[in-house]
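Listed below, chain by chain, are the residues.
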Amino acid sequence: PIVIITDSRIFRESFQTLGVEHFLPKPLDSEKLIHKVDYIFTCAELERKNKQALLLGTNAAVNKDMAKILQDQGCVVGSSTDPIEFISNCLILTPRAVLIDVLVKGDVSSRDVIRSLRCFTRLSGMDILVFTQFAPEDIGSMQGIEELRQAKNDCMEAGASKYIGRFTPTTFWDMVKDKFA
């Protein structure tokens, strides 16, 4: 960030046309400068946190597509296919929202990840959105459809904020944009 110290209206207007947003009057008061810089960095940190997301999915290509859509909207995005790495990253970064595939299975399932995240007080305000890349018609058996439904219900019971279901690249941002406002 740039802070210009000037009393000149002409200088101020000239720098504003170049995109400078922060000014202090002359003579320089170091205390005011420190407060101004602290304010600028606090605002930048809040904006960054409000646009931070982490993805946990079973398919790296789908993660990449989702990340691209979020990045195109100004979000900072991290992605993982490993549940333990994902939980660790959440604790380090404290993102605004996370997106988790309901079909994460293995030693640590999507339900286990959500329960773990909800145990940490500092993550209590974080939105947990769950999704799937499959629609019921994509799944060849009734057993598969039932497993998908059960996985979704398990995630919601574990503390997920919202189920966004299946999406397309054109509908994805509309389904999640309220979480990054």
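What you are looking at is a predicted structure, and each value in this text was computed from that prediction instead of being measured. Residue positions are counted from 1 within each chain, in the order its sequence is given. Where local features are concerned, this predicted model is filtered to residues with pLDDT of at least 70; where side-chain atom pairs are given and counted, the filter is 80 or more; whole-chain, interface and lining totals use all residues. Based on all heavy atoms of the structure, the side-chain values leave hydrogens and waters out of the count.

(A) Representation of unusual backbone geometry. Here the bond from lysine 26 into proline 27 is cis, since omega is -10 degrees, no more than 30 degrees from zero. Counting from the N terminus, the helices are the DSSP runs of H or I reaching at least four residues and the strands are the DSSP runs of E reaching at least two. Within the fold, proline 27 resides in the loop between strand S2 (22-24) and helix H2 (30-50). Positive phi is not limited to glycine here, since threonine 94 has a value of about 45 degrees. Note that threonine 94 resides in the loop between helix H4 (83-93) and strand S5 (97-101).

(B) Focus on the environment of asparagine 89. With respect to the secondary-structure elements, asparagine 89 resides in helix H4. Measuring from C-alpha to C-alpha, the distance between asparagine 89 and glycine 165 comes to 24 Å, with 76 residues separating the pair along the chain. Contacts between residues were defined by any pair of non-hydrogen atoms, one from each residue, lying within 4.5 Å. Beyond its immediate sequence surroundings of up to four residues, asparagine 89 is in contact with Leu54 and Thr94.

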